[in-house]
Amino acid sequence: MSILIVEDNRVNSRLLALILNAQGYQTVVAMDGKEGLRIVAETPDIQLIITDFMMPEMDGVEFIAKVRDMPAFRSVPILVASAHGDLETVKRVRSIQCDGFLVKPIDKQQLIKRVEQLVRTQSVVLRAKLKTMRKLDIGPKEYQDLLTAFADQLTSTIQVIVLEQGDSDEGISE
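All values derive from a computational prediction rather than experimental measurement.

> With reference to specific residues and values, describe the pattern of salt bridges.
Opposite charge on two side chains allows them to pair when their charged atoms are near. With the rule as written, the count across this model stands at six salt bridges. The partner of Glu-57 in a salt bridge is Lys-34, and the shortest N-O contact between them spans 3.2 Å. Highlighted residues: Glu-57 in the loop between strand E3 (46-52) and helix H3 (60-68) and Lys-34 in helix H2 (residues 33-42), separated in sequence by 23 residues. Close ionic contact of Lys-104 with Asp-52 constitutes a salt bridge, the shortest N to O distance being 3.0 Å. Here Asp-52 lies in strand E3 and Lys-104 lies in the loop between strand E5 (100-103) and helix H5 (108-120), a separation of 52 residues in the sequence. The burial state of Lys-104 is the same as that of Asp-52; both residues are buried. Connected through shared salt-bridge partners, Glu-7, Asp-52 and Lys-104 make up one network.

> Give a detailed account of the nonpolar core, specifying residues and quantitative values.
With 23 residues, the main nonpolar core has Leu-4, Val-40, Ile-46, Ile-49, Phe-63 and Val-67 as its most contacted residues. Breaking this core down by element, the ones donating at least two residues are strand E1 (2-6), H2, E3, H3 and strand E4 (78-82). The element best represented in this core is H3, accounting for four residues. Ignoring sequence-local partners within four residues, the contact set of Leu-4 consists of Val-28, Ala-30, Gly-36, Ile-39, Val-40, Ile-46, Leu-48, Ile-49, Ile-50 and Phe-63. Grouped together as the second largest cluster of nonpolar side chains are 18 residues, Ala-17, Ala-81, Leu-111 and Leu-118 included.

> Help me get a handle on the pairing of E1, residues and values and all.
The buried fraction of E1 is high, at five of five residues. Taking every second residue as pointing to the same face, both faces of E1 are buried, with Ser-2, Leu-4 and Val-6 on one and Ile-3 and Ile-5 on the other. As judged from the five bridges shared by E1 and strand E2 (residues 26-30), these two strands associate in the parallel manner. Following the sheet pairing, Val-6 is matched in E2 by Ala-30. In this view, the connection linking E1 to its parallel neighbour E2 by way of helix H1 (residues 10-22) has right-handed handedness. Relative to E3, E1 is paired through five bridges, and the arrangement is parallel. From the neighbouring strand, Ser-2 faces E3, where its bridge partner is Ile-46.

> Hey, could you go over the sheet that holds E2 for me, with residue numbers and the actual values?
An order of E2-E1-E3-E4-E5 is seen for the five strands of this open sheet, with the pairing classed as parallel. The open sheet terminates on both sides in strands that have one partner only, identified here as E2 and E5. The sheet shows a mean angle of 20° between the axes of neighbouring strands, taken without regard to direction. Packed onto the sheet, H2 meets E1, E2 and E3 and runs at close to 135° relative to E2. H5 rests against E1, E3, E4 and E5 of the sheet, and its axis sits at about 140° to E3.

> Give me the packing of H1 against H5: which residues, what numbers.
The geometry of H1 relative to H5 is characterised by a closest axis approach of 11 Å and an angle of 60° between their N-to-C directions. One element, H1, and the other, H5, form an angle in the oblique class. Note on packing geometry: the crossing formed by H1 with H5 is right-handed. Touching Leu-16, Ile-19 and Leu-20 of H1 are Lys-108, Leu-111, Ile-112 and Val-115, all from H5. Split by residue class, the contact of H1 with H5 holds six nonpolar, no polar and one charged.

> Describe the packing of H2 against H3, and please don't skip the residues or the numbers.
Running from N to C, H2 and H3 cross one another at 20°; their axes reach a closest spacing of 10 Å. One way to sum up the angle between H2 and H3 is to call them roughly parallel. Along this stretch, H2 crosses H3, giving a crossing that reads as right-handed. The residues of H3 that touch H2, namely those facing Gly-33, Gly-36, Leu-37 and Val-40, are Phe-63, Lys-66 and Val-67.

About the cut-offs
Residues numbered from 1 in each chain as written. Predicted model: local features only at pLDDT ≥ 70, side-chain atom pairs only at ≥ 80, totals over all residues. Heavy atoms only, no water. Salt bridge = Lys/Arg side-chain N within 4 Å of Asp/Glu carboxyl O. Helix = DSSP H or I, 4+ residues; strand = E, 2+ residues; numbered from the N terminus. Buried < 20%, exposed > 50% of the residue type's maximum accessible area, 1.4 Å probe, protein only. Core = buried A, V, L, I, M, F, W, Y, C linked by side-chain atoms within 4.5 Å. Contact = heavy atoms within 4.5 Å. Pairing = 2+ DSSP bridges. Right-handed = clockwise from strand over helix to strand, strands pointing away. Axes fitted to C-alpha atoms, helices over the stretch in contact; angles between N-to-C directions. Parallel < 35°, antiparallel > 145°, perpendicular 65-115°, else oblique. Left-handed = near helix turned anticlockwise from the far one by under 90°. Nonpolar A, V, L, I, M, F, W, Y, C, P; charged D, E, K, R; others polar.

What follows is the structure, encoded as structure tokens:
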């Protein structure tokens, strides 16, 4: 499982990666929103995204909107980092489905605390999905195809069980 850092400043991105790597996290770095989207599409096991707010080409708001449009990443936590800590920026960040806001320069302890909170509170379903994808060495599309096939098989199996249950006085076990 990886943390994606989307940051156009090489010093900031390297510093974030060093801090997180020292805590045992794997990191992937993108230098802008476009590269970040490419990495998101290619890396199904991203467990957290930390993105800069102000970037050239595609800012953090546009990047987050595009990530949230991807079904596999709708529930992945996103932290926004910005040198602009004014009320207007914070309000804008809160309105775009983010899970937190960090003001630059980022305090190391605050970063670690927020990352631990967000990674720990990820849903069990999301963690299981990422673990399964990694174990089977499949991507998001293959995972979705597998789920669809399983759901279809489960639906037909349940129908048979319900029909058989109708002829029996015995209850269906859990």
